[in-house]
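In case you want the letters, here they are:
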Amino acid sequence: MTERAFACLAMLIAAGSTPLTAHVSRLTPQDTTAGKKVYVKWCAGCHGDGGAGDGTAAAHMLPRPRNFTGAIYKIRTTASGQLPTDADLMRAIDEGLPGSAMPAWKGRLSDAERRDVAAYIKTFSSFFADTSQHVALLKFSGEPSGGTGANALKTGRQFYDSIGCRKCHGDQGRGDGPSAPTLKDDAGFPIFAADLHQSWRFRGGGSAADIYRRLRTGLDGTPMPSFSDLIDQKFLTDEQLWRLAQYVRSLSPPEPPEVRDVIHAPQIAGTVPVSPDDSVWRRVSRYWFPLVGQVIRKARWFAPAVTGVWVQAVHDGHTLALRVSWDDRTQSPDSAWLGFEQRVLETVAGDDSGPPPPKVEPWPDQLAVQFPRHLPQGMERPYFLMGSETDPVYQWRWTSRPRRSVAGLARGIERFDTLPEAPAGQASFDHGEWRLVFTRALATPDTANEVQLEAGRAIPVAFFGWDGSSGEHGSRMAVSTWYFLALDRPTPPGVFISPVLAMLVTLGLGLVVVRRAQRRGRGGPGR
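On a predicted model such as this, the values are computed, not experimentally measured, just so you know.

Engineer: Go over the overall build of the protein with me, naming the residues and quoting the values.
Structural biologist: Counting secondary structure elements, the protein contains 12 helices and 14 strands. Within the protein, buried positions represent 48% of all 527 residues. Element-wise, carbon and sulfur atoms account for 54% of the exposed surface of the protein, whose accessible area totals about 25,000 Å².

In structure tokens, the structure reads:
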């Protein structure tokens, strides 16, 4: 891969994006000559010199960069099959497309640069110059009230089933429907059905209004159709389509998850839960950690299927229970997904030399939790990508088939030495979600190789995930950086008693002062 492509990919991984809005504005005059300079510098690496979505970095991306020559755009405020408005183009440039490699350029490029590059992008297709094309905004109604109520969500769920959303998105909306392994876009590339539990990754924005607009417009170039015709045919009303949008929005958290550096594990009375479905976990805070593709060592992987994990932890003073849950469209290995896996491997290049795609295998799903061997005194930690020969890391590894967990020392991606003692691990899979609990004693006899978990210390921790049905194994994986686990101590009774005693003492002293003042007042002049 060229330095230009690596620079492009590094910039895209680092860039953030925000949800799209429905605001429409008239653009000021644009300069396509100036726009070409912006495009060549910032856009061609992905979208290609001729705008065909075939830039140097494109082979490493799923979904692929937009092919501008056909003028087919997913995110629009116009009807399916119509061109986008200038404002639609500007929103995509300004705010990016979450869940893809397209970053937000607002704040990185000036207003004039963004307007000019939008104008230049239109020159790649003759459709924009066709005067017979009449770009017209769809008329969107306002959101009806009561969208979070039980009746509204029940109506939304009924239409989710009746118009076939579950065929692709699955019964619970995690992109695991029976049609999901067959999906591809108009260019023939494999495409994932959206995970409706991660609204912060919706390319058109994550609000109920954004979802409603996508239901009205469809996502041109993908299997996602427009449902406006169902309103015209009176199969459902506009309000019922809104209820569907509100139901879909209810599947995700009310707010996008905030990435925090520390997992707090409270100390509980009794023994720690060993089952991932124990009721204890409903009372324990969850922490979200994003994962990205491993792009450092060959074979690199730029399109991870596991985009993040939810983590919870508790301890009882002797044993730690760590629960990790993540969305996964299939319980790998799954023969129904082998064809999809083959298409992914043929589509996404894994390293610089571009060898033939690896042979499809029934790979399992895997997860690894990583610690240093010894707790650091300062902020020094081993190399995050599975340590090194001279400074290995301690890991818990779990695999879906055979269903087991092991512990060992990783000395880089290529070497993992299993240790005799393994943490206990229990896992369950339900409607596109894995839930896994590791349990291990805080202190172990092997102090040389196994991290000793201490309350009150910042314990570095990192996570790795593999989706077997996407061909992920070995170095083709999703990775996180280092975070921290904190085993909280129970609050000493004195912390609560001392303030109460101080308050009582202060109150008593105040009463004494008042009583003395009253006595002096009664014994003063005039009595």
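Engineer: I'd like a description of the pattern of salt bridges, backed by residues and values.
Structural biologist: Scanning the entire structure with this criterion turns up 21 salt bridges. Note that Arg166 is salt-bridged to Asp171, the shortest N-O span being 2.6 Å. Owing to a relative accessible area of 33%, Arg166 belongs among the partly exposed residues under this scheme. Among the charged side chains, a network of salt bridges with common partners joins Arg174, Asp277, Asp327, Glu433 and Arg435.

Engineer: Pulling in residues and values, what's your account of the pairing of strand E5 (residues 319-327)?
Structural biologist: Burial analysis of E5 places eight of its nine residues in the buried class, which makes it a mostly covered element. The loop that links strand E4 (residues 308-315) with its antiparallel partner E5 comprises three residues; one of these, Gly317, has a positive phi angle of about 95 degrees. Two elements, E5 and strand E11 (residues 433-441), share nine bridges in a ladder whose sense is antiparallel. By the bridge assignment, Thr319 is partnered in E11 with Ala441.

Engineer: Got a sec to walk through the layout of surface pockets? Specific residues and values, please.
Structural biologist: Space inside the second largest pocket adds up to approximately 370 Å³. Forming the walls of the second largest pocket are 18 residues, and the residues nearest its centre are Pro65, Arg66, Asn67, Asp185 and Ala187. Split into classes, the residues belonging to the lining of the second largest pocket amount to eight nonpolar, five polar and five charged.

Engineer: Please give an account of the packing of aromatic side chains that cites residues and values.
Structural biologist: The description of an aromatic ring pair rests on the distance of the ring centres and on the angle between the ring planes. A full pass over the atoms with the stated rule returns 26 aromatic pairs. Measuring from centroid to centroid gives 6.2 Å for Phe68 and Phe124, while their planes differ by 10 degrees, and the two rings are stacked. Remark: Phe124 occurs in the loop between helix H5 (111-122) and helix H6 (150-162) and Phe68 occurs in the loop between helix H3 (44-47) and helix H4 (86-95); sequence separation between them is 56 residues. Seen in terms of ring centroids, Tyr73 and Phe128 are 6.3 Å apart; in terms of plane orientation they differ by 70 degrees. Their pairing is edge-to-face. With Tyr73 in the loop between H3 and H4 and Phe128 in the loop between H5 and H6, this pair connects stretches of sequence that are 55 residues apart. For the residue pair Tyr73 and Phe128, the accessibility class agrees, reading buried in each case. Clustering of aromatic rings is evident, with ring pairs tying together Tyr39, Phe68, Tyr73, Tyr120, Phe124 and Phe128. The ring of Phe189 is capped by Arg64, whose NZ or CZ atom sits 4.6 Å from the centre of that ring. The residue whose ring lies beneath Arg397 is Phe416, and the NZ or CZ to ring-centre distance is 4.0 Å.

Engineer: Describe empty space enclosed by the protein, and please don't skip the residues or the numbers.
Structural biologist: Taken as a whole and assessed by the stated rule, the structure comprises two cavities of 30 Å³ or more. Reported here for the largest cavity is a volume of approximately 550 Å³. Around the largest cavity sit 31 residues that line it, and His47, Arg66, Phe68, Leu97 and Met102 are the ones nearest its centre. Elements represented by at least two residues in the lining of the largest cavity include exactly helix H1 (3-14), helix H2 (32-42), H3, H4 and H5. Along the lines of polarity and charge, the residues of the lining of the largest cavity split into 24 nonpolar, two polar and five charged.

Engineer: A description of unusual backbone geometry should follow, citing residues and the corresponding values.
Structural biologist: Cis geometry is found at the peptide bond from Lys298 to Ala299, where omega equals -10 degrees. Structurally, Ala299 is set in the loop between strand E3 (292-293) and E4. The linkage connecting Arg401 with the following residue, Pro402, adopts the cis geometry, with an omega of -5 degrees. For Pro402, the position within the fold is in the loop between strand E7 (393-400) and strand E8 (403-410). A positive phi is found at Lys234, a non-glycine position, where the angle reads about 60 degrees. Residue placement: Lys234 occurs in the loop between helix H9 (228-232) and helix H10 (238-250).

Engineer: Tell me about the environment of Arg174, and name the residues and values.
Structural biologist: Mapped onto the secondary structure, Arg174 falls in the loop between helix H7 (165-169) and helix H8 (208-217). C-alpha separation for the pair Arg174 and Leu196, spaced 22 residues apart in sequence, amounts to 5.7 Å. Contact partners of Arg174, with chain neighbours within four places excluded, come to His169, Ala194, Asp195, His197, Asp327, Arg329, Asp430, His431, Gly432 and Glu433.

Engineer: Go over the environment of Ile93, please, and point to the residues and values.
Structural biologist: Assignment of secondary structure puts Ile93 in helix H4. The exposure class assigned to Ile93 is buried, which follows from its relative accessible area of 7%. A sequence separation of 11 residues divides Ile93 from Ala104, and the C-alpha atoms of the two residues are 6.2 Å apart.

Engineer: Please give an account of the state of the cysteines that cites residues and values.
Structural biologist: Under the counting rule described, the total for this entry stands at zero disulfides. Cys43 takes part in no disulfide bond, and the closest cysteine sulfur to it belongs to Cys46, at a distance of 8.5 Å. Here Cys168 stays unpaired: no disulfide links it, and the sulfur of Cys165, its closest cysteine neighbor, is 8.8 Å away. The class of Cys168 is partly exposed, set by a relative accessible area of 22%.

Engineer: Give me the side chain of Ser125: which residues, what numbers.
Structural biologist: With respect to the helices and strands, the residue Ser125 is situated in the loop between H5 and H6. For Ser125, the side chain forms a polar contact with the main-chain nitrogen of Phe127, separated by 3.2 Å. With residues up to four places along the chain from it excluded, the contact list for Ser125 reads Phe68, Thr69, Gly70 and Ala71.

Engineer: Talk me through the environment of Arg157; I want residue IDs and the actual numbers.
Structural biologist: Position of Arg157 among the secondary structure elements: in helix H6. Residues Arg157 and Val248, 91 residues apart in the sequence, show an inter-C-alpha distance of 8.3 Å. Each residue touching Arg157, except ones within four places of it in the same chain, is listed here: Arg166, Asp171 and Tyr247.

Engineer: Could you give an account of the nonpolar core, naming the residues involved and the relevant values?
Structural biologist: Membership of the largest hydrophobic core comes to 36 residues, with the highest contact counts inside it found for Val369 and Leu485. The element that contributes the greatest number of residues to this core is E5, accounting for four residues. Apart from residues lying up to four places away in sequence, Leu485 is in contact with Ile263, Ala265, Ala313, Leu320, Phe371, Arg457, Ala458, Ile459 and Val461. One finds Ile163, Phe202, Leu230 and Tyr247 within the second-largest nonpolar core, a separate group that totals 20 residues.

Reading guide: rules and limits
- Residues numbered from 1 in each chain as written.
- Predicted model: local features only at pLDDT ≥ 70, side-chain atom pairs only at ≥ 80, totals over all residues.
- Heavy atoms only, no water.
- Helix = DSSP H or I, 4+ residues; strand = E, 2+ residues; numbered from the N terminus.
- Buried < 20%, exposed > 50% of the residue type's maximum accessible area, 1.4 Å probe, protein only.
- Areas by Shrake-Rupley, 256 points an atom, 1.4 Å probe, with all protein chains shown as cover.
- Salt bridge = Lys/Arg side-chain N within 4 Å of Asp/Glu carboxyl O.
- Pairing = 2+ DSSP bridges.
- 1 Å grid on protein atoms, 1.4 Å probe; cavity = no way out; pocket = protein on both sides within 12 Å on 5 of 7 lines; lining within 4 Å.
- Points joined across faces, edges and corners; volume = space filled by probe spheres on them.
- Nonpolar A, V, L, I, M, F, W, Y, C, P; charged D, E, K, R; others polar.
- Phe/Tyr/Trp six-rings, centres within 6.5 Å; stacked < 30°, edge-to-face > 60°.
- Lys NZ or Arg CZ within 6 Å of the ring centre and 35° of its normal.
- Contact = heavy atoms within 4.5 Å.
- Disulfide = S-S within 2.5 Å.
- Polar contact = N/O pair within 3.5 Å; in protein donor to acceptor, adjacent residues only side chain to side chain.
- Core = buried A, V, L, I, M, F, W, Y, C linked by side-chain atoms within 4.5 Å.

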